[in-house]
Amino acid sequence: MIINNVKLILENEVVEGSLACENGVIRAFSDTQSQLPAAIDGEGGWLMPGMVELHTDNLDKFFTPRPKVDWPAHSAMSSHDALIVASGITTVLDAIGVGDVRDGGHRMENLNKMIDAIRHAQKHGLNRAEHRLHLRCELPHDSTLPLFEQLMCNPALSLVSLMDHSPGQRQYVSLAAWRTYFGGKYQLSDRQLDEYEADQLRLAARWSTPNREAISAWCRQYHIPLASHDDATYEHVVESKGVGSVIAEFPTTEEAARASREMGLQILMGAPNIVRGGSHSGNVAASELAQLGLLDILSSDYYPASLLDAAFRLAADERHSMTLPAAIALVTRNPARSIGLDDRGVIDEGKRADLVLVRAHRDQVYVASVWAQGRKVF
């Protein structure tokens, strides 16, 4: 297969030319046009590597599209996969919450069903993107470690993150912000919210530290990449580094981001944060960290289409000097390498032919075509 008349987004430059792939890998690329009549005309669009998504809970939306609505697993998985591919993502780590922040929540109910759906669809070639597993471990709960122990040997497991959403710290340093979010999410009265807050603080005091130590020890032993989550202070980052974290997910302050860089953690921020112009929780803006050179990876988090949009927005932002190849690396090369996937994420000979053709309309970029290992999937 030859894709002609494209702007190739390489690791360090953009080159107008063509690309050839064979048997699922990139065979060659050139700064000249192919003369073969069978070549696909890219019509001057950008050709970039398929994007690599490390943290999205998008799957939840399809398994529980409305409160108390339990959707069939095959249909939910198929719809999720279709949206992922249409967004230009060819490798995705589906984030599954282990130890829900509210006992009986939909993540707890659907956990095994979602993991079985991922595994079944991937095993039987039903997915268009490659789906892997990310276990998001909510530390302040007695159910977290037993559930993790049931799931930790899943061969699709590619990342584990350690989270603590208890009130008054990390993402919710502002207790008022915590009460606003969880009171609204679970429709709690003031009395119920007081009880819930006290319960979460009790659970955090009992379980956060032993769960952190046990889960991180297993990840170190079996070489599973580990991520921190919502670090807010220098001390948080010291703790995260100490247990073996290699990725800092969504640091909430510049202090935590600087400490993460100092200690060698890859800094991951939300692409919706870029598209919206800031954090919905009032934390440090991803664009601010980009200007400071403190951004390594973007994640679509809850909105898959934000990944492509955010990368191109950063490249066009005149407040800093990030080039288009550097911005695209945030959603391709960098996330792939952070979890040891060295066979993808760049346009280079011998790499996987995971490719996205991107065009623009009125300054808005959109996905025109997607190939996964040389096979057209969108």
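Residues numbered from 1 in each chain as written. Predicted model: local features only at pLDDT ≥ 70, side-chain atom pairs only at ≥ 80, totals over all residues. Heavy atoms only, no water.

- You'll find the protein entered in an unreviewed UniProt entry as Alpha-D-ribose 1-methylphosphonate 5-triphosphate diphosphatase, with Enterobacter agglomerans given as the organism.

**Examining the packing of helix α4 (residues 144-151) against helix α6 (residues 190-222)**
- Orientation of α4 relative to α6, taken along the N-to-C sense of each, is 10 degrees, at an axis distance of 10 Å. Viewed along their axes, α4 and α6 adopt a mutual orientation that is roughly parallel. Taken as a pair, α4 and α6 cross one another with a handedness that is left-handed. In this structure, α4 contributes Thr144, Leu145 and Phe148 to the contact, and α6 contributes Asn211, Ala214, Ile215 and Trp218.
- For the contact of α4 with α6, a count of residues per class yields five nonpolar, two polar and no charged. (Axes fitted to C-alpha atoms, helices over the stretch in contact; angles between N-to-C directions. Helix = DSSP H or I, 4+ residues; strand = E, 2+ residues; numbered from the N terminus. Parallel < 35°, antiparallel > 145°, perpendicular 65-115°, else oblique. Left-handed = near helix turned anticlockwise from the far one by under 90°. Contact = heavy atoms within 4.5 Å. Nonpolar A, V, L, I, M, F, W, Y, C, P; charged D, E, K, R; others polar.)

**What to know about the packing of aromatic side chains**
- As enumerated under the stated definition, the model contains three aromatic pairs in all.
- Taking 5.6 Å as the distance between ring centres and 85 degrees as the angle between the ring planes, the aromatic pair formed by Phe148 and Trp218 counts as edge-to-face. Here Phe148, found in helix α4, pairs with Trp218, found in helix α6; they are 70 residues apart in sequence, far enough to count as distant. Each member of the pair, Phe148 as well as Trp218, carries the same accessibility label: buried.
- Residues Trp218 and Tyr222 carry aromatic rings whose centres are separated by 5.0 Å and whose planes lie at 35 degrees to one another, so their mutual orientation is tilted. With Trp218 and Tyr222 both in helix α6 and four residues apart, the pair spans about one turn of that helix.
- Since its relative accessible area comes to 11%, Trp218 is described here as buried.
- The ring of Trp46 carries Lys7 above its face, with NZ or CZ at 4.7 Å from the centroid.
- The residue whose ring lies beneath Arg206 is Trp207, and the NZ or CZ to ring-centre distance is 4.0 Å. (Phe/Tyr/Trp six-rings, centres within 6.5 Å; stacked < 30°, edge-to-face > 60°. Buried < 20%, exposed > 50% of the residue type's maximum accessible area, 1.4 Å probe, protein only. Lys NZ or Arg CZ within 6 Å of the ring centre and 35° of its normal.)

**Some thoughts on the side chain of Asp301**
- Looking at where Asp301 falls in the secondary structure, it is placed in the loop between β13 (297-299) and α11 (306-316).
- Comment: no salt bridge for buried Asp301; closest opposite-charge side chain is Arg136, at 6.0 Å.
- Here Asp301 is in contact with Glu53, His55, Thr56, Asp57, Asn58 and Phe250, once residues within four sequence places are set aside. (Lys, Arg positive; Asp, Glu negative; His and termini not counted. Salt bridge = Lys/Arg side-chain N within 4 Å of Asp/Glu carboxyl O.)

**Focus on the environment of Gly88**
- Positionally, Gly88 belongs in the loop between α2 (73-86) and β7 (89-98).
- The exposure class assigned to Gly88 is buried, which follows from its relative accessible area of 0%.
- For Gly88, the residues in contact, after removing those within four places along its chain, are Gly50, Met51, Val356, Val367 and Val370.

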